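The lines below spell out each chain.
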Amino acid sequence: MTGRRFWKALRRNKAALVGFVLFAIFLTCAVFAPALAPANPNRANFSMVLHPPSAAAILGADELGRDILSRILFGARASFLVAASTTAIAAVIGVLLGLLAGYYGGLVDAIIMRAADLLLAFPSFLVALVIVGILGPGLVNVILAVGVLFVPRFVRLMRASVLSVRENEYVEAMAALGSRTPRIIFHHVLPNAMAPIIALTAIVSGEAILIGSGLGFLGLGAQPPLAEWGAMLSEGRVYLTTAPHVAAFPGLAIMGLVVALNLIGDGVRDALDVRL
Amino acid sequence: MLRLLFYRVLGLAVILVLVSVISFSITYVVPGDVALVIAGPGASQASIEKIRSDLLLDEPFLVRYGTWLGSVMRGDLGASAITRQPVAEIVGFRLVNTMKLALAGIVLAIVLGIALGLVAALYRNSLVDYGAMLVSVLGISAPVFWVGLMLIYVFSVRLRWLPITDQGGVAHLILPAITIGMYSVAVIARVTRFNLLEVLGRDYIRTAKAKGASTARMSLKHALKNALIPVVTVIGLQFGYLMGGAVLTETVFAYPGIGRLFADVVFTRDFPVMQILMLLLAAIFAVTNFLVDISYALLDPRIRHA
């Protein structure tokens, strides 16, 4: 698969295009939140408590009269932080371990893969829940927990890539010609495995946001008054009967961003023609 | 088949042993003194010592693990560190409740998911297909807890069709089952569509078509049977996902199951209950995967005879 053919296939995919546009919108919101937000996301305004959507506050106000649109814009930062850092942790550790397992085989391979299997032996949300339970609540601990959770996925993918690249004759030839192992890994194995890793990263970021906001909903994530979509939803839950907008909009934001990531992930996967 | 069964049972046994070690070991990785953590701030020295001796905290790992596993095997699941209530009593009826919920969710997911995937594949690239796939993308992207809250708002608060919380009977299961099953509906629909399209493109389907089999008959009889094999694996995995999804769904609906219990003990740091719940949930997950592996082999002769 050459780079140009990949981009051509990806550009033809309308769903993926929608995903990219949605993603760009959310990214803009996160980066320019201070400029875009109509109000201070943490300023309470008691004349606006549970105010429904109106001209004064487009998405309404929450139980402390804080502007929901502003909180959603700032909340995008927390979600991007969770998505980016968890996948970075998982990808770096996973790729490294997968390379070791695939390249050296034998005992190294057996130990790494059995450990990965074991982590996959527990339902994933529960693993994250237990890790946060042990470390204590907070956004940083949520990131660590979800990051660890996704390591086995990258290990498996990377190991499979290494095994398939290692079969190539040119790799065998290079080894026979005396190329050193690190050179083979960094110049041949890694570049070939990059594309599926990118697809997995997109899909995993969506899951990371869902799990992260789920932990936030349970009160284990970002602590008040920091704006985080899951926590906002859980605050709005109490006022569901009288002010449903407080819970509705943060949930829509989560869904929108995760839809974008899933469409991108699907598009990249289809353009690459790999199964993940 | 017997050999395969032997290796699968062996694999299951190894996983269960390792899972029990991990579940037991969580008290070792808690930062600080477990007895202090459980007792909470301001506890007396005597109560801290009591917890320490109850949990055998000063004994070596193997002694503690052996004692713990031994009593679990004998059916003695210990007692909550907080309420002192026996764990079996706390977990028992909640486990039954969660099983009911998970079962309702998975049945819904299988029926709706396969139907959606089938229709999408049969009318490929039509509006029906796009609609079904849109629903499934939304299904895998929507946060469980938000879907639950919105369902409560629409059906219980506005329309007043269904009760909000547990009143017994079937009605109270409907909204939680939809909430917990929604993600699985979407995943099963995607996998069904993908595999059906792949199978429909194969030679034997074209042969059947050439022999005059009608499209509907063909897709149901020949294609579906073959396309469903990978779907079985996904259903098994989804059951494990439902166990995790139960935490959020049960919290939203104030449903008395082990999911909500799990979230509660994470908050209260009730480690004896947490250990049993981890062991229990991982065991359910492992046994489900084992059953899926076996049924996979039964459905696919290529694996059975390998």
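Owing to the predicted nature of the structure, the values given are computational and were not obtained by experimental measurement.

Criteria and cut-off values
Residues numbered from 1 in each chain as written. Chains lettered and ligands numbered in written order. Predicted model: local features only at pLDDT ≥ 70, side-chain atom pairs only at ≥ 80, totals over all residues. Helix = DSSP H or I, 4+ residues; strand = E, 2+ residues; numbered from the N terminus. Buried ≥ 20, exposed ≤ 12 C-beta atoms within 10 Å, placed from the backbone. Contact = placed C-beta atoms within 7 Å. Nonpolar A, V, L, I, M, F, W, Y, C, P; charged D, E, K, R; others polar. Core = buried A, V, L, I, M, F, W, Y, C linked by C-beta atoms within 7 Å. pLDDT = per-residue confidence, 0-100. Axes fitted to C-alpha atoms, helices over the stretch in contact; angles between N-to-C directions. Parallel < 35°, antiparallel > 145°, perpendicular 65-115°, else oblique. Left-handed = near helix turned anticlockwise from the far one by under 90°.

**With respect to the overall build of chain A**
Right, so step 1: Along the backbone of chain A there are 11 helices and zero strands.
Right, so step 2: The helix and strand sequence of chain A, counted from the amino end, reads α-α-α-α-α-α-α-α-α-α-α.
Right, so step 3: Considering only C-alpha atoms, chain A reaches an extent of 75 × 45 × 25 Å along its principal axes.
Right, so step 4: For chain A, the residues scored as buried account for 46% of the 276 residues in total.
Right, so step 5: Contacts in chain A between residues far apart in sequence, at least 24 positions, make up 71% of those at least 6 positions apart.

**A look at the overall build of chain B**
Right, so step 1: Counting secondary structure elements, chain B contains 13 helices and zero strands.
Right, so step 2: The buried share of chain B, taken over its 306 residues, is 40%.
Right, so step 3: Considering only intrachain contacts with a sequence separation of at least 6, the fraction spanning at least 24 residues in chain B is 72%.

**Quick look at the interface of chain B and chain A**
Right, so step 1: If you look at the interface, chain B gives 36 residues, while chain A gives 31 residues.
Right, so step 2: Among the elements of the structure, helix 1 (2-29), helix 6 (127-141), helix 7 (144-158), helix 10 (215-253), helix 11 (258-268) and helix 12 (271-299) of chain B are those that each provide at least two residues to the side of chain B that touches chain A.
Right, so step 3: Residue composition of the side of chain B that touches chain A, grouped by class: 31 nonpolar, five polar and no charged.

**Overview of the nonpolar core**
Right, so step 1: Counting residues in hydrophobic clusters, the biggest one holds 168 residues, and the most contacted among them are A:Ala128, A:Leu129, A:Val146, A:Phe154, B:Ile188, B:Phe262 and B:Leu277.
Right, so step 2: Once residues within four sequence positions are removed from consideration, A:Phe154 is found in contact with A:Ala90, A:Ala91, A:Gly94, A:Val95, A:Gly98 and A:Leu200.

**Regarding the confidence of the model for chain B**
Low pLDDT means the predicted coordinates in that region are not meant to be read closely.
Right, so step 1: In the predicted model, chain B carries a mean pLDDT of 83, and 89% of its residues have values of at least 70.
Right, so step 2: At the low end of the mean pLDDT range in chain B sits helix 13 (residues 301-304) of chain B, at 64; at the high end sits helix 6 of chain B, at 92.

**Description of the environment of A:Lys8**
Right, so step 1: Mapped onto the secondary structure, A:Lys8 falls in helix 1 (residues 3-12).
Right, so step 2: Separated by 263 residues in sequence, A:Lys8 and A:Ala271 place their C-alpha atoms 8.4 Å apart.

**Structural notes on the packing of helix 6 (residues 124-135) of chain A against helix 9 (residues 181-217) of chain A**
Residue and element names in this part refer to chain A.
Right, so step 1: Two elements in contact, helix 6 and helix 9, have axes whose closest approach is 11 Å; the angle formed by their N-to-C orientations is 50°. Between helix 6 and helix 9, the interaxial angle falls into the category oblique. Remark: the crossing between helix 6 and helix 9 carries right-handed chirality. Judged by residue contacts, Phe125, Ala128 and Val132 of helix 6 engage Ile211, Gly214 and Leu215 from helix 9.
Right, so step 2: The residue makeup of the contact of helix 6 with helix 9, split by class, is five nonpolar, one polar and no charged.

**Brief notes about unusual backbone geometry**
Right, so step 1: In this structure, the amide linkage connecting A:Pro224 to the following residue, A:Pro225, adopts the cis form with an omega of 5°.
Right, so step 2: Assignment of secondary structure puts A:Pro225 in the loop between helix 9 and helix 10 (229-236).
Right, so step 3: Although it is not a glycine, B:Ala254 sits at a positive phi angle of roughly 50°.
Right, so step 4: Counting through the fold element by element, B:Ala254 comes out in the loop between helix 10 and helix 11.

**A look at the environment of A:Ser79**
Residue and element names in this part refer to chain A.
Right, so step 1: As for its placement among the helices and strands, serine 79 is situated in helix 4 (residues 68-104).
Right, so step 2: For the pair serine 79 and glycine 212, spaced 133 residues apart in the sequence, the C-alpha separation amounts to 7.9 Å.
Right, so step 3: Ignoring anything within four residues of it in the chain, the contact list for serine 79 reads Ile209, Trp229 and Leu257.

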